[in-house]
Amino acid sequence: MKKLLMGVAVATMALTAQAKVRLSHLVGDGMVLQQQTEARLWGWARPGAQVKVSVSWSDRTVTAKAGKDGAWIVKTPVTPKASYDALTVNFDDGDGVVTIRDVVSGEVWVCAGQSNMEMPVKGFGMCPVDDYNHVVLDAAHSKGVRSVKVPSVMSATPLTDAQCQWRQCSPKTVGDFSATGYFFARLVSRTLDIPVGLIEANKGGSRVESWLTKENLQRYTSDPVDSAAIAKKWPMDYHRSLLWGNGTFNPILNYTVKGILFYQGCSNVGDPGNQYSERLKLLVEQWRSQFGLGDIPFYFVQIAPYHCGDVNGDWSAKLQEQQFRAQQIIPNSSLVCTNDLVYPYETTQIHPAQKQPVGERLAFTALNRDYGMETVWYKSPSFKDMNIKNDTVFIHLQDNYNCDAPFEQMEGFEVAGQDRVFHPAKACHFWRPGGGYWDEAIAITCPEVKQPVAVRYCFRNFKLGNVKNGAGLPLFPFRTDNW
């Protein structure tokens, strides 16, 4: 009997070894499928081969025919509601069967952008992430979180596959997860009690143009699209246009995902006018078109305060302003403010250590907007309007959840007169009986400016404020002038 069983096992192994079907590396053991969708699966086989795909959650088999290049793609029967139940998928091209196991149905989010998204839980050299040991120990409770890291590679032509594999969160693996992505997934997974998968496709130092297609670069920018010309214009490879999108993002575009998390902007500081917000809008339109899943959520992170060579300069603040504009012109998008998530001693630290609140603020956004938890407050306050009376500027904020805090000693404001010279200002809550619109506001004064005309809040490369709303979320940096 043992010999018979061994013979069957050897025959099965031989049959599998002869199978011609090859799967994308993203389609593999441990993957997370987007729940309650016709999830896309793809790979390669003999040109003309019929690839039959059967799944453990349905009796229906789907079939695809490999093209002349051997490529094929199918849509599965609708995936189950999210759960931790292990699923299997079989692929049969007539030459053998390939099976992937330990598949789960859940929510899948892309982690895109540059190094602050790429930054792992274990941090970078000289760039730690807060509470590493506690996060590692706690990871034993995050088995519902899984991720796949797409290698950051450049390519002159769009790639369709990448050397990567899914990994399940544990104390042994969590250190390599994107910190921002992990803290997002941990909160969503535990709150909803479902699996959450992260597809990490990002590159440190990349510009927004790094992810645009050749067609979009040619139509909307002056960036070169020939690889030699790109390398000549951008000696630092991480700044290069087109190539990172081709090599690092294109391989994931067949995957069925819920939405995109994006943290990028540092390498575009100094861009003129509205260039950044318009190109970010273009990128989102491009990605949504390429995924073919409609206007999927796009939630992104405002760059944190950073000296940029001069703490009192405003070029970084202008990029933050462009990010704020981007959320206003990109449908189904939302921006996370991080002005309060930099320590005073991190002036020259491009990778701030406080990544858990960043990921959790992204999670607050998704939980409210996508998962029906309307009682979760996720919006940061922003400037609404201004009224000047004598030497005092009165302002109102929107999205403050009925609270401007702290009540007194608000920090981060500056005012200027006709000379356009800004001075630090005092600010506090103002209230006067009467019930009029301006009888409750934030009052801002400055002894050096008797006739104020403009107010700014944290509108410098590195300036930290303390104003928050009822959710404890920080006020977006702003200016009332256009100087």
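Structure: above.
Trainee: Please explain the overall build of the protein chain as it appears in this structure.
Mentor: For the protein chain, the helix and strand inventory stands at ten helices and 22 strands. Taken over C-alpha atoms, the radius of gyration comes to 26 Å for the protein chain, in line with the 23 Å a tight globule of 483 residues would show. By principal-axis analysis of the C-alpha atoms, the protein chain measures approximately 95 × 50 × 40 Å. For the protein chain, the residues scored as buried account for 54% of the 483 residues in total. Accessible surface, the protein chain: about 21100 Å² in total, of which carbon and sulfur atoms supply 51%. The protein chain carries 49 positive and 47 negative side-chain charges, and their two centres are separated by 6 Å.

Trainee: It is not clear to me how the sheet that holds strand β3 (residues 40–44) should be interpreted in this structure. Could you clarify?
Mentor: Sheet strands pair by backbone hydrogen bonding; their relative direction is either parallel or antiparallel. One open sheet accounts for three strands, arranged β1-β3-β6; its pairing is antiparallel. Each edge of the sheet is formed by a strand with only one pairing partner; in this case those strands are β1 (22–23) and β6 (71–75). The sheet contact formed by β1 and β3 spans two bridges and is antiparallel. Bridged to Leu23 within β3 is Gly43.

Trainee: Which parts of the structure should I look at to understand unusual backbone geometry?
Mentor: The general pattern is negative phi for most residues beyond glycine and trans for most peptide bonds. The linkage connecting Ala405 with the following residue, Pro406, adopts the cis geometry, with an omega of 0 degrees. Structurally, Pro406 is set in the loop between β16 (392–398) and β17 (413–416). One non-glycine residue with positive phi stands out, namely Tyr401, at about 50 degrees. Topologically, Tyr401 is positioned in the loop between β16 and β17. In this structure, Arg420 takes a positive phi of about 65 degrees despite not being glycine. Along the polypeptide, Arg420 turns up in the loop between β17 and β18 (422–424).

Trainee: How do you make sense of empty space enclosed by the protein when you look at a structure like this?
Mentor: Gaps left between atoms are located by rolling a probe of water-molecule size over the structure's atoms. Enumeration over the complete set of coordinates arrives at one cavity of 30 Å³ or more. Of the pockets and cavities examined, the largest cavity occupies roughly 40 Å³. Lining the largest cavity are Leu335, Val336, Cys337, Arg361, Phe364, Thr365, Tyr378, Ser380 and Leu473. Ranked by residue count, the leading element in the lining of the largest cavity is helix α10 (residues 356–369), at three residues. The class makeup of the residues in the lining of the largest cavity is six nonpolar, two polar and one charged.

Trainee: So what exactly am I meant to see when it comes to the packing of aromatic side chains here?
Mentor: Two aromatic rings, taken as a pair, are described by how far apart their centres are and by the angle between their planes. Applying the stated criterion to the full structure yields 23 aromatic pairs. Residues Tyr343 and Tyr345 carry aromatic rings whose centres are separated by 5.2 Å and whose planes lie at 15 degrees to one another, so their mutual orientation is stacked. Here the aromatic cluster, defined as three or more aromatic residues joined through ring pairs, consists of Trp211, Phe249, Phe262, Trp287, Phe291, Phe298 and Phe300. We note Arg207 situated over the ring of Trp234; from NZ or CZ to the ring centre the distance is 3.8 Å.

Trainee: Just checking my understanding: could you explain the packing of helix α4 (residues 179–192) against α10 for this structure?
Mentor: Where α4 meets α10, the closest approach of the two axes is 7 Å, and the angle between their N-to-C directions is 45 degrees. When the axes of α4 and α10 are compared, the pair comes out oblique. Between α4 and α10 lies a crossing whose hand is right-handed. Contacts between α4 and α10 involve Thr180, Phe183, Phe184, Arg186, Leu187, Val188, Thr191 and Leu192 from the first element and Gln356, Val358, Gly359, Glu360, Leu362, Ala363, Phe364, Ala366 and Leu367 from the second.

Trainee: Whenever I open this one, the sheet that holds strand β15 (residues 382–389) confuses me. Can you help?
Mentor: Strand order in the open sheet formed by four strands is β15-β16-β20-β19, with antiparallel pairing between adjacent strands. Both edges of this open sheet fall to β15 and β19 (426–431), since each of them pairs with a single strand only. Between one strand axis and the next, the sheet turns by 30 degrees as a mean value, whatever way the strands run. In terms of strand pairing, β15 meets β16 through seven bridges, oriented antiparallel. Note that in β16 the partner of Met386 across the bridge is Ile395.

Trainee: What should I look at first to understand the pairing of strand β8 (residues 97–113) in this one?
Mentor: The side chains of a regular strand alternate, residue by residue, between the two faces of the sheet. Among the 17 residues that make up β8, 13 are buried, leaving the element largely enclosed by the rest of the structure. As defined by bridge partners, strand β2 (residues 32–34) adjoins β8 across three bridges and the pair is classed as parallel. Its bridge partner lying in β8, Gln34 is registered against Gly106. Bridging between strand β7 (residues 83–92) and β8 involves six bridges; their strand directions are antiparallel. Note on β8: the bridge partner recorded for Val89 is Ile100. The hairpin turn running from β7 into β8, its antiparallel successor, is four residues long, and Gly94 in that turn takes a positive phi close to 95 degrees. Relative to strand β12 (residues 259–263), β8 runs parallel, the two being bridged by five bridges. Residue pairing in the sheet places Val110 in a bridge with Ile260 of β12.

Trainee: What am I meant to see in the pattern of salt bridges here?
Mentor: Where charged atoms from two side chains of opposite charge come close, those side chains can pair. Scanning the entire structure with this criterion turns up 20 salt bridges. In this structure, Asp161 engages Arg22 in a salt bridge whose closest nitrogen and oxygen atoms are separated by 3.3 Å. Here Arg22 lies in strand β1 and Asp161 lies in the loop between β9 (145–149) and β10 (166–168), a separation of 139 residues in the sequence. Under the relative-accessibility criterion, Arg22 is labelled partly exposed at 43%. The salt bridge partner of Lys233 is Asp223, with a shortest N-O separation of 3.4 Å. Pair noted here: Lys233 is in helix α6 (residues 227–233) and Asp223 is in the loop between α5 (214–220) and α6, with a separation of ten residues, a long-range link.

Trainee: Any chance you could explain the environment of Ala363 here in plain terms?
Mentor: Summarising the element assignment, Ala363 is placed in helix α10. Spatially, the C-alpha atoms of Ala363 and Arg186 are 8.8 Å apart, while their sequence positions differ by 177 residues. Once residues within four sequence positions are removed from consideration, Ala363 is found in contact with Phe184, Leu187 and Val188.

Trainee: Would you mind going over the side chain of Asn461 with me for this structure?
Mentor: Along the chain, Asn461 falls in the loop between β21 (454–457) and β22 (478–479). Separated by 3.2 Å, the side chain of Asn461 and the backbone nitrogen of Trp315 make a polar contact.

Definitions and cut-offs
Residues numbered from 1 in each chain as written. Predicted model: local features only at pLDDT ≥ 70, side-chain atom pairs only at ≥ 80, totals over all residues. Heavy atoms only, no water. Helix = DSSP H or I, 4+ residues; strand = E, 2+ residues; numbered from the N terminus. Rg over C-alpha atoms; globule rule 2.2 N^0.38 Å. Buried < 20%, exposed > 50% of the residue type's maximum accessible area, 1.4 Å probe, protein only. Areas by Shrake-Rupley, 256 points an atom, 1.4 Å probe, with all protein chains shown as cover. Lys, Arg positive; Asp, Glu negative; His and termini not counted. Charge placed at Lys NZ, Arg CZ, Asp CG, Glu CD. Pairing = 2+ DSSP bridges. 1 Å grid on protein atoms, 1.4 Å probe; cavity = no way out; pocket = protein on both sides within 12 Å on 5 of 7 lines; lining within 4 Å. Points joined across faces, edges and corners; volume = space filled by probe spheres on them. Nonpolar A, V, L, I, M, F, W, Y, C, P; charged D, E, K, R; others polar. Phe/Tyr/Trp six-rings, centres within 6.5 Å; stacked < 30°, edge-to-face > 60°. Lys NZ or Arg CZ within 6 Å of the ring centre and 35° of its normal. Axes fitted to C-alpha atoms, helices over the stretch in contact; angles between N-to-C directions. Parallel < 35°, antiparallel > 145°, perpendicular 65-115°, else oblique. Left-handed = near helix turned anticlockwise from the far one by under 90°. Contact = heavy atoms within 4.5 Å. Salt bridge = Lys/Arg side-chain N within 4 Å of Asp/Glu carboxyl O. Polar contact = N/O pair within 3.5 Å; in protein donor to acceptor, adjacent residues only side chain to side chain.

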